[in-house]
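Chains, contacts and geometry: an overview
In case you want the letters, here they are:
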Amino acid sequence: MKSYRRLATLALTVLAASLRAWGAETEILWLSGHGPDDAVRWEFTVSHGRRAGEAATLPVPSHWELHGFGTLYYGHQTNRPPEQGRYARWFELPAGWRGRRIVLRFDGVMTDTAVTLNGRPAGPPHQGGFYPFEYDVTDLVRWNASNRLEVTVNKVSANPTVEAAERRADYWVFGGIYRPVRLEARPDPHIEHLALRAEAEGNFEATLRIRGDLARASLASLTVLAPAGEVAATLTAPVEPPGTGVTLRTRVEAPATWSAETPVLYTAIAELFQGSNRLHRLRRRFGFRTFEVRPGAGLFLNGRRILLKGVCRHSFRAASGRCLSPAQNIADVRRIRSLNFNAVRCVHYPPDESFLDACDELGLYVLDELAGWQTPPYDTETGRRLVRAMVERDAHHPSVLFWDNGNEGGWNAELDPEFARHDPYARPVLHPWAKFSGVDTDHYEPYRSVVAKLRDDSHVFLPTEHLHGLFDGGGGAGLEDHWALMCESRNAGGLFLWAFADEAVARPDRNGALDCDGFHGPDGIVGPHHEPEGSAATVRSVFSPVRLIAPPPGPLPEGYAARVVVSNAFSFLDLSALSFTWRLDQFGPGGPRCVTGRLTRAFAAPGTCATLAIPLPTGWRSFDRLALTASGPDNVEIQTWAWPVRPPETSLPVPPAASAPAITEHGGRIEIAAGGCRYHLRRSDGRLCALVANGVELPLANGPRAVPAPAASDLQRTVSVAALGAVVEVRSESGVAEAGSWIWTFFGDGSAALEFSAKPPAGELPFLGLTFDWPESEMRAVRWLGLGPFRVWKNRMTGPVWGEYELPYNDPLPAESWALPEFKGYFGHVRRFEILGEGAGIRFELFDRDLFARWGTPRRPAAHLAGYSAKAVEYTFPPFPEGDVSILVAIPPIGNKFCPADDGSPQGRPNVWSEPQYRIRLRLRPVRLPATAN
């Protein structure tokens, strides 16, 4: 019986403790959704613009413009209608909340916000669209009755400094309650704020700010939980009125430190007691880490040097603007990390807190930014309030390395000390575009200026905007050169590319058409829906923390010993944390075939190399490609390298003996018939003017022609025809060396070989090779063996992977429509390609060396966009040869929005062909396509 009573008493004790613990948590009643996916409809009306005065409902959170209300405009627009949105909704409070403090919290509203509850003001109007704010509404709520919440939002701020700092900027401007809204029930007293400082050496400090009736609180405690849940430290201290804060300090022995490579998170549990009764409990995740700026030496985390491989990111989606769900924020972090960035600048304003949570969990270094852009900054009184709101919300995140006080002149220097006032870490404050806190963050420096900046040991060079992307330029173009400078300099801090994503809104007033506001928004390395563009592949390769040392790109040499040497460019991870897999691929008419395997783990500390042995099977030389993939501890691919197993063929294969081609001449044409094909060449110059294969006329014509075209006329040519047994040879030669010569050889199976040679023009060349006509209107798809799936430029060759690819024809219009990867452009290291038309196509097989192939000409921006920046169009739309299909030995580089290619880096310098002659050899083979069912 006594045993039974003891068990019953123990059960009641556990139950009472559980009830006390449950009652000690802050409880939440969501008045909105968490993002666009679960938004809750509120009553709504807007004063101006579309649907003005209409009594309707609107999802919260959201922007009203993206649901067809008001006026959608970009930050540069000066004529701004005074739109006002009026929201309302009813709610009832849980009965169990009686006796608690009721707090109404908004995570973000654009812009000036006035709140009433049951007809009474909740507090003064709030100004500042990117920051959380709250009201204690305990005395305004009704119990056992419905409560009416009304929110009035003015899109244009009455405070001119708020309007300048937040709204007159280089991004889309929205209105509305775009981040979540909730009610919180907090005990009285309660822990209002928990400030943490945790250093790599194990020093730990926590400050609890307590609000309410302090006479009811006697003890504060804090428990530190290690990642696996075990207790790492426990601290207690008495609560002594009239003070409102308690500070607790300890040292955790040998903590696991946080970095973007090792994102280890601890949990702090702060509790407030009255005797043995727990009043309130608050949790925060954090990481042990120590960050330092050392001018002349770089940036250091936990005692090790780091280079920030960064990108500038706005909170943005085409359909929902800056209203994002936690899942979308996590997806952004995953996408950024998948491109081998290790840092992100939350440019122009602070992000959603769920984005920072994801940076903590998955591993990204963060620059967290107070709003401001080239215009007058926040006034000091407003700025102090907003700095406090941002820093108190975000200071516990270990991912945040710096605070940015505005951007490009949009800073108020009087606010600089305010950051440290609320940040236990006293993180460095940056003025992006200037020198401050020992860091030079100058923007958009060309290559020669980067060289000079890195020689200045007084400041770490960390450009917070760099290589401004636009359309297909910037981002990856020239990045390899710039990053090599950073890696070689002891004073580099890294760089931040502009920008992450093309910012195009899906306009409801244009049936969802995407709008970038001309040249202002399409400067990402991913598209509006975060689909990778060509620069993304280059960024991923250049920023890979596993670097290929040997063998170099290109065919595997004879006697290759199946060894790969890689270097470890991580700061903290050993390569043993990674996995490596290999793959052999065979491409061809028999269909793809592959063999795969996994390598034993490689051990290499940061800054050292490892040699990987690939257990290739017997007969591996019969395959076409060897690929190696490195994956991180999370099994996400870091980088794939691929090599052709064999070098290009150097001799034209002769098909099996067949009937000799037939030769006829009529109407100024030479006709060669063989294997169901008829080639028509002009007698005057020997160029192809028509090709019929199996009764289908192919649109390939008017080639070859040398590009650039020679200055001297090549009309006077000698054309000779010879029947040489099983083949027919047609020679076209000119007395002008620059005009070149070509030799056609026609085989009995219907294929034809072409040998072209010419003297290159003197001086700088945009491209060099030969070209044919095949109208784009007749192109349906392309298949090729070479680098892919993205097109390349002379200064953006790194990134695409060698293999076999196929793309359907697409014709995107810059800044207005997207189709990725783009069909048209230059493609690298091509061995063969097939242009496919309606019912038939033609196959080009290339010999002697890996060449560039080109099909189609990318469109330039629409005429109504050209006025935005003629120079930007010039820089980002390099020339293409005449014709539609080209085989080239040299192609042009591409510039970025602010910089021509030759000013961007050595890779962007123009071509100068030093050899006295160049040669291109290829074979044409018509392709019959299977009939498609109707």
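Analysis parameters
Residues numbered from 1 in each chain as written. Predicted model: local features only at pLDDT ≥ 70, side-chain atom pairs only at ≥ 80, totals over all residues. Heavy atoms only, no water. Helix = DSSP H or I, 4+ residues; strand = E, 2+ residues; numbered from the N terminus. Buried < 20%, exposed > 50% of the residue type's maximum accessible area, 1.4 Å probe, protein only. Contact = heavy atoms within 4.5 Å. Areas by Shrake-Rupley, 256 points an atom, 1.4 Å probe, with all protein chains shown as cover. Lys, Arg positive; Asp, Glu negative; His and termini not counted. Charge placed at Lys NZ, Arg CZ, Asp CG, Glu CD. Pairing = 2+ DSSP bridges. Axes fitted to C-alpha atoms, helices over the stretch in contact; angles between N-to-C directions. Core = buried A, V, L, I, M, F, W, Y, C linked by side-chain atoms within 4.5 Å. Salt bridge = Lys/Arg side-chain N within 4 Å of Asp/Glu carboxyl O. 1 Å grid on protein atoms, 1.4 Å probe; cavity = no way out; pocket = protein on both sides within 12 Å on 5 of 7 lines; lining within 4 Å. Points joined across faces, edges and corners; volume = space filled by probe spheres on them. Nonpolar A, V, L, I, M, F, W, Y, C, P; charged D, E, K, R; others polar. Parallel < 35°, antiparallel > 145°, perpendicular 65-115°, else oblique. Left-handed = near helix turned anticlockwise from the far one by under 90°.

Before going further, it helps to spend a moment on the overall build of the chain. Secondary structure assignment for the chain yields 12 helices and 61 strands. Along the first, second and third principal axes, the C-alpha atoms of the chain reach 110 × 65 × 65 Å. Counting over 934 residues, the chain shows a buried share of 60%. Sequence separation of 24 or more characterises 69% of the internal contacts of the chain that already satisfy a separation of 6 or more. Put simply, the chain shows about 35500 Å² of open surface, and 52% of that area lies on carbon and sulfur atoms. Side-chain charges in the chain split into 99 positive and 104 negative, and the spacing between the mean points of these groups amounts to 4 Å.

Taken together, 3 strands build an open sheet; the order of strands is S15-S16-S19 and the sheet is antiparallel. Every other strand in the sheet has two partners, leaving strand S15 (190-198) and strand S19 (245-251) as the edge strands with one partner each. Each neighbouring strand pair of the sheet contributes to a mean axis angle of 15°, computed without reference to strand direction. As paired strands, strand S16 (residues 203-211) and S19 are joined by 7 bridges and run antiparallel to one another.

Working definition: the strands of a sheet are paired by backbone hydrogen bonds and lie parallel or antiparallel to each other. Spatially, S49-S50-S51-S52-S61-S58-S57-S54-S55 is the arrangement adopted by the 9 strands of the open sheet, whose pairing is antiparallel. Taken across any chain shown, the strands that pair with only one partner, and hence form the sheet edges, are strand S49 (717-724) and strand S55 (801-808). Neighbour to neighbour, the strand axes of the sheet diverge by 20° on average, direction disregarded. Pairing between strand S58 (residues 840-846) and strand S61 (residues 918-928): 7 bridges, direction antiparallel. Of the residues in S61, the one forming a bridge with Ala840 is Arg928.

Where strand S44 (residues 669-674) meets strand S45 (residues 677-682), 6 bridges bridge the pair, whose relative direction is antiparallel. Note that in S45 the partner of Ile670 across the bridge is Leu681. Hairpin geometry of S44 and S45 is characterised by an intervening segment of 2 residues between the two adjacent antiparallel strands and by a positive phi of about 55° at Gly675. As paired elements, S45 and strand S46 (residues 688-693) share 5 bridges and run antiparallel to each other. Within the sheet, the bridge partner assigned to Leu681 lies in S46 and is Leu688. Joining the antiparallel neighbours S45 and S46 is a turn of 5 residues, in which Gly686 adopts a positive phi near 80°.

This next bit is on the environment of Val707. Among the structural elements, Val707 can be located in strand S48 (residues 701-707). C-alpha of Val707 to C-alpha of Leu770: the two residues are 63 residues apart in sequence and 5.5 Å apart in space. Contact partners of Val707, with chain neighbours within four places excluded, come to Phe767, Leu768, Gly769, Leu770, Thr771, Pro881, Glu882, Leu888 and Tyr918.

Okay, the nonpolar core next. Counting residues in each nonpolar core, the largest one holds 66 residues, and the members touching the most others are Tyr131, Phe341 and Leu370. Once you skip the residues sitting within four places of it in the chain, Phe341 turns out to touch Lys309, Gly310, Val311, Ile336, Leu364, Leu497, Ile525, Val539 and Phe543. Among the nonpolar cores identified, the runner-up in size contains 59 residues, and Phe756, Leu768, Phe772 and Phe823 belong to it.

Next up on the list: the pattern of salt bridges. Across all of its chains, the model carries 76 salt bridges by this definition. Across the pair Glu392 and Arg388 runs a salt bridge, and its minimum N-O distance is 3.2 Å. With Glu392 and Arg388 both in helix H5 (residues 380-394) and 4 residues apart, the pair spans about one turn of that helix. With its nearest N and O atoms 2.6 Å apart, the salt bridge here joins Glu834 to Arg783. In this pair, Glu834 sits in strand S57 (residues 832-836) while Arg783 sits in strand S54 (residues 781-788), placing the two residues 51 residues apart along the sequence.

Now for empty space enclosed by the protein. Within the structure shown, the criterion is met by 5 cavities of 30 Å³ or more. Looking at the largest cavity, its volume works out to about 320 Å³. Lining of the largest cavity is provided by 24 residues; of these, Phe471, Asp472, Arg791, Pro814 and Glu822 occupy positions nearest its centre. Grouping the constituent residues of the lining of the largest cavity by class yields 14 nonpolar, 2 polar and 8 charged. If you add up the space inside the second largest cavity, you get close to 120 Å³. Forming the walls of the second largest cavity are 16 residues, and the residues nearest its centre are His314, Ala499, Ala501, Glu503 and Asp523. A class-by-class count of the residues in the lining of the second largest cavity yields 7 nonpolar, 4 polar and 5 charged.

What follows covers the packing of helix H3 (residues 326-338) against helix H4 (residues 353-363). Close contact between H3 and H4 brings their axes to 8 Å; oriented N to C, the two are set at 40°. The angle between H3 and H4 places the two elements in the oblique class. Note that H3 runs across H4; the crossing there is right-handed. Between H3 and H4, the contacting residues are Pro326, Asn329, Ile330, Asp332, Val333, Arg334, Ile336 and Arg337 on the first element and Ser354, Phe355, Ala358, Cys359, Leu362 and Gly363 on the second. Split into classes, the residues belonging to the contact of H3 with H4 amount to 8 nonpolar, 3 polar and 3 charged.

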